[in-house]
Amino acid sequence: MNKTVKFLFITFWIILSRVYDAYCTYQFTPDLDREANPLVSILGLGWTPLLIIIGLLLFYIIYTYYKSVYQEFDFLPTEKGLSFSTFLSFIYLGRKAHWTTAFFQAPNSAERFHFYIGNVLSKALVFAGIVSTIMWLLINYTDWYLTDYHSAAVIYAILIVGTIAIVFFWNKELYKKYLAGQ
């Protein structure tokens, strides 16, 4: 698919699905008393700060996605023979470390961070848009889903597991390129 078409399609889907999610949330709980988003349920934010934060994050992710589509960034290490575990940390951090280090350390450059976010979180938002759209369609157009099956914990579990899978498979694809270049 053409880079521009792909970029526009994915960007459109991300924005559309986030707007649909906000619209349905407002219809479901205008005062946010039943909202599961931690910005609301834990921090107690109202609509205005919630939408500002989500809008800024959305803008940042789309900007980094744009960079990842139209600019080159070489994530791959030049050193040969890295294990997949070490490779995982290198992709994120820009240096060799144990893969768990990526949970509590930042990349060696802001540029690496931006390209990583653009590659990973754009895909995660596409997935989140699919999950939230299906959830809202089930809530709005079935009698059984909300009362018998809906659970914020299950939705968050699906989102977390799906995002981990997206990160894993993206890294696995890069690792295959790395091995092919050896």
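The structure this text deals with has already been given above.
Nothing here was measured: the structure is a model prediction, and the numbers come from that model. Residue positions are given per chain, counting from 1 as you read along its sequence in written order. Predicted model: local features are reported for residues with pLDDT of at least 70 only, side-chain atom pairs are reported and counted for 80 or more only, and whole-chain, interface and lining totals are derived from all residues. Hydrogens and water are ignored here; the side-chain numbers use all heavy atoms of the structure.

(A) Quick look at the overall build of the chain. Every helix listed is a DSSP run of H or I at least four residues long, and every strand listed is a run of E at least two residues long, numbered separately from the N terminus. What the chain contains, in helices and strands, is seven helices and zero strands. Counting from the amino terminus, helix and strand elements in the chain follow one another as α-α-α-α-α-α-α. Along the first, second and third principal axes, the C-alpha atoms of the chain reach 55 × 35 × 30 Å. By residue count, 37% of the 182 residues in the chain fall in the buried class. For the chain, contacts bridging at least 24 residues in sequence account for 65% of all contacts bridging at least 6. Of the accessible surface of the chain, which amounts to about 11,000 Å², a share of 68% is contributed by carbon and sulfur atoms. Positive and negative side-chain charges in the chain, numbering 13 and 11 respectively, have mean positions lying 15 Å apart. Only protein chains enter the calculation, and the probe is 1.4 Å; a residue is then buried if its accessible area is under 20% of its type maximum, exposed if over 50%, and partly exposed in between. Residue contacts are counted whenever heavy atoms from the two residues lie within 4.5 Å of one another. Throughout, the Shrake-Rupley method with a 1.4 Å probe supplies accessible areas, and for residues the shown protein chains are the sole cover considered. Asp and Glu count as negative and Lys and Arg as positive, but His and the ends of the chain are not part of the count. Positions of charges follow a simple convention, taking NZ of Lys, CZ of Arg, CG of Asp or CD of Glu.

(B) Fine view of the layout of surface pockets. The computed volume of the largest pocket comes to approximately 1,300 Å³. Surrounding the largest pocket, 41 residues form its lining, R18, D21, N37, Y156 and L159 being those nearest its centre. Within the residue set of the lining of the largest pocket, elements represented by two or more residues are α1 (3-28), α2 (38-41), α3 (47-70), α5 (110-141) and α7 (152-180). Sort the elements by how many residues they give to the lining of the largest pocket and α3 lands first, with nine residues. Within this model, the second largest pocket holds a volume of roughly 600 Å³. Only protein atoms enter the 1 Å grid used here, on which a cavity is any set of points holding a 1.4 Å probe that cannot leave and a pocket is any open set flanked by protein within 12 Å on both sides along at least five of seven lines; residues with an atom within 4 Å of a point are listed as lining. Residue lining of the second largest pocket: 22 residues in total, with S68, V69, N119, W170 and K177 positioned closest to the centre. Mapped onto the lining of the second largest pocket, the elements with two or more residues apiece are α1, α3, α5 and α7. Among the elements that make up the lining of the second largest pocket, the one with the highest residue count is α5 (five residues). Only Asp, Glu, Lys and Arg are considered charged, only Ala, Val, Leu, Ile, Met, Phe, Trp, Tyr, Cys and Pro nonpolar, and every remaining residue, Gly among them, polar. Taken together, the residues of the lining of the second largest pocket break down into 11 nonpolar, four polar and seven charged. Grid points are joined across faces, edges and corners, and a volume is the space filled by probe spheres set on the points.

(C) How the structure looks around the pattern of salt bridges. Salt bridge criterion: a side-chain nitrogen from Lys or Arg within 4 Å of a carboxyl oxygen from Asp or Glu. The final tally for this structure, using the stated rule, is three salt bridges. Residue E111 pairs with K67 through a salt bridge whose shortest N-O separation is 3.1 Å. Remark: K67 occurs in helix α3 and E111 occurs in helix α5; sequence separation between them is 44 residues. Residue classification places E111 among the partly exposed residues on the basis of a relative accessible area of 33%. Here E79 and K96 are joined by a salt bridge, their closest N and O atoms 3.1 Å apart.

(D) Spotlight on the environment of P49. Assignment of secondary structure puts P49 in helix α3. Residue P49 is classed as partly exposed on the basis of its relative accessible area, which comes to 33%. On a C-alpha basis, the gap between P49 and L39 in space is 9.2 Å, while along the polypeptide they are 10 residues apart.

(E) Inspection of a nonpolar patch on the surface at higher detail. Exposure above 30% relative accessible area and the absence of a salt bridge qualify a residue for a patch, where like charges join within 9 Å and nonpolar side chains (Val, Leu, Ile, Met, Phe, Trp, Tyr) within 5 Å. Together, W99, F103 and F104 make up an exposed nonpolar region whose accessible area comes to about 410 Å². Within the secondary structure, W99 is located in the loop between α4 (84-93) and α5. Exposure remark for W99: the relative accessible area of 38% places this residue in the partly exposed category.

(F) Spotlight on the packing of α1 against α3. The N-to-C vectors of α1 and α3 enclose an angle of 170 degrees; their axes lie 11 Å apart at closest approach. The angle between α1 and α3 places the two elements in the roughly antiparallel class. Remark: the crossing between α1 and α3 carries right-handed chirality. For the pair α1 and α3, the contacting residues are K3, T4, K6, F7, I10, T11, I14, I15, R18, A22, T25 and Y26 in the first and W47, L51, L58, I62, Y65, Y66, V69 and Y70 in the second. Broken down by class, the residue content of the contact of α1 with α3 amounts to 14 nonpolar, three polar and three charged. To define axes, lines are fitted to C-alpha atoms, for helices over the stretch in contact only, and angles between the resulting N-to-C directions are given on a 0 to 180 degree scale. Should an angle fall under 35 degrees it is taken as roughly parallel, and over 145 as roughly antiparallel, whereas 65 to 115 is taken as roughly perpendicular and any remaining angle as oblique. Handedness of each helix crossing follows the sense of rotation of the near helix against the far helix: counterclockwise by less than a right angle gives left-handed, clockwise gives right-handed.

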